[in-house]
Amino acid sequence: MRIVVIGGSGHVGTYLVPRLVWAEHEVINVSRAQREPYKADSAWRLVQQVTADRTAEDSVGVFGRRILELKADVIVDLICFTLPSAQQLVGALRGQVQHFLHCGTIWTLGHSVEVPATEDTPRRPFGEYGIQKNAIQDYLLDEARRYGFPATVLQPGHIVGPGWIPINPAGNLDPEVFTRLARGDEVTLPNIGMETLHHVHADDVAQSFVQAIANRSASIGEAFHVVSPAALTLRGYAEKVAGWFGRSAKLRFLPWEEWRKKVAEEAAELTWDHIAHSPNASIGKAQRLLNYRPRFSSLEAIQEAVQVLIQKGIVQI
Ligand SMILES: NC(=O)c1ccc[n+]([C@@H]2O[C@H](COP(=O)([O-])OP(=O)(O)OC[C@H]3O[C@@H](n4cnc5c(N)ncnc54)[C@H](OP(=O)(O)O)[C@@H]3O)[C@@H](O)[C@H]2O)c1
């Protein structure tokens, strides 16, 4: 098939585009051509590059037409963040594509009630990002179920891969937390460390898109959580990381209001976003309907990423 990937040179696209090429699809990447994929792969020689700035083209209402003109069978939209942006694309593509796959997020879940949360529980998003992504998800599923627009929504957790910093056991992106655990230094965690994170390897996210395309009839009109088989508690995650380096984690706990004053404002905001969500999502539906089989546990994915951070000197042991 002829597959257009919008935003295909980032975390997910680094793995997804080569997977699609090696499955003998014709692949077109639409991006600003400002960044390279994280991993070299000769598949990229077979990919057509279309250079476009979606934000700029959305604002003048021409992005949908640009994508339509590429005459794709399948569109994978990895970078849609607002409802008007989704509406413009769907408006242009209605009746013109076989399958439209949107990259959503588990942030649309908001506060969970029962965990692991399933896709059929009411979504209660909070925060601008989650609310916008939820509006897009609602819109696409409604378009699919009411009007037959062939949309599928894949909802990743915290995406992990070699080349970038994974969300750490304190729920933010400070690599020093890994360094301190590796060296056996004390690490302070908020509350009692029992809030959760739910990571997923970028290649497993890519796998879910490939499987959704391959299982078109089961995936249209549906949303799927795309995470590792199990979420991590902050405390358990910290203990495991220290264990990789032959250490016992030296952990101290502080109530949130005290903890937040001890870290940079940006790190505290990110931690709050993660612990307020405390995601713990079920992959049962993706396993059943898409045959999604994640290759990495959360810890396996993180360990691979941390090894690369050590090689680059970003994490020091
Ligand atoms: N990161 C996470 O942990 C996480 C978790 C859950 C869900 N998600 C979802 O994952 C998706 C993002 O995927 P990702 O992490 O693979 O993205 P990413 O690594 O940020 O890559 C973004 C891609 O889009 C291109 N791009 C960025 N701005 C653009 C623009 N204005 N016009 C055209 N191309 C543009 C980039 O290339 P150029 O810069 O060269 O244009 C690159 O190819 C989002 O939908 C997000 O909601 C992410």
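For the structure itself, look to the data block above.
Novice: So what's going on with the site of the ligand? Residues and values would help.
Specialist: Taken together, 27 residues surround the ligand, and among them S9, H11, R32, Q34 and Y129 come closest. Within the backbone of G10, a nitrogen or oxygen atom sits 3.4 Å from an oxygen atom of the ligand. R35 places a polar main-chain atom, nitrogen or oxygen, 3.0 Å from an oxygen atom of the ligand. Relative to its unbound accessible area of 900 Å², the ligand is 85% covered by the protein chains. Of all the secondary structure elements, the ones that give two or more residues to the shell around the ligand are α1 (11–22), α2 (54–59), α5 (128–147) and β7 (158–160).

Novice: Which residues make up the pattern of salt bridges, and what values do they have?
Specialist: Inspection of every chain in the model, using the stated rule, returns 14 salt bridges. The salt bridge involving R2 is made with E26; its shortest N-O contact spans 2.6 Å. Of this pair, R2 sits in strand β1 (residues 2–6) while E26 sits in strand β2 (residues 26–31), and the two are 24 residues apart along the sequence. Taking the relative accessible area as the measure of exposure, E26 reaches 44% and is therefore partly exposed. Salt-bridge contacts for D77 lead to R54; the nearest nitrogen and oxygen are separated by 2.7 Å. One end of the pair, D77, is in strand β4 (residues 74–77); the other, R54, is in helix α2, and 23 residues separate them in sequence. Here R54 falls in the buried class, since its relative accessible area comes to 6%. Salt bridges linked by common partners bring R19, D203 and R295 together as one network.

Novice: Go over the packing of α1 against helix α7 (residues 202–214), please, and point to the residues and values.
Specialist: Look at α1 against α7: their axes get within 8 Å of each other, and the N-to-C directions meet at 45°. In terms of their interaxial angle, α1 and α7 are classed as oblique. Both α1 and α7 take part in a crossing whose hand is right-handed. Taken together, the residues of α7 that come into contact with α1 (itself represented by H11, V12, Y15, L16, R19 and L20) are A202, D203, V205, A206, Q207, F209, V210 and I213. Of the residues assigned to the contact of α1 with α7, the class counts are ten nonpolar, two polar and two charged.

About the thresholds
Sequence order as written defines residue numbering, which begins from 1 separately in each chain. Where local features are concerned, this predicted model is filtered to residues with pLDDT of at least 70; where side-chain atom pairs are given and counted, the filter is 80 or more; whole-chain, interface and lining totals use all residues. Excluding hydrogens and water, the side-chain values take into account all heavy atoms of the structure. Whether a residue is near a molecule or strand is decided by its heavy atoms; if any one of them lies within 4 Å of it, the residue is near. Contacts described as polar in this section are N or O atom pairs within 3.5 Å, which, within protein, must combine one atom able to donate a hydrogen with one able to accept it, while residues neighboring in sequence count only if both atoms come from side chains. In these tables, accessible area is a Shrake-Rupley quantity obtained with a 1.4 Å probe, and a residue counts as shielded only by the protein chains included in the view. Numbered from the N terminus, helices here are DSSP runs of H or I no shorter than four residues, and strands are runs of E no shorter than two. Salt bridge, as used here, is a side-chain nitrogen of Lys or Arg placed within 4 Å of a carboxyl oxygen of Asp or Glu. Classification of residues uses two cut-offs on accessible area relative to the type maximum, computed with a 1.4 Å probe and protein chains only: under 20% is buried, over 50% is exposed, and between them is partly exposed. Here an angle of 0 to 180 degrees is reported between the N-to-C directions of two axes, which are lines fitted to C-alpha atoms, with helices fitted over the stretch in contact. Convention used here: angles under 35 degrees read as roughly parallel, angles over 145 as roughly antiparallel, angles from 65 to 115 as roughly perpendicular, and any remaining angle as oblique. Handedness of a crossing follows from how the near helix is turned relative to the far one, being left-handed for an anticlockwise turn of less than a right angle and right-handed for a clockwise one. By definition, residues are in contact when any of their heavy atoms lie within 4.5 Å. Nonpolar residues are Ala, Val, Leu, Ile, Met, Phe, Trp, Tyr, Cys and Pro. Charged residues are Asp, Glu, Lys and Arg, and all others, Gly as well, are polar.

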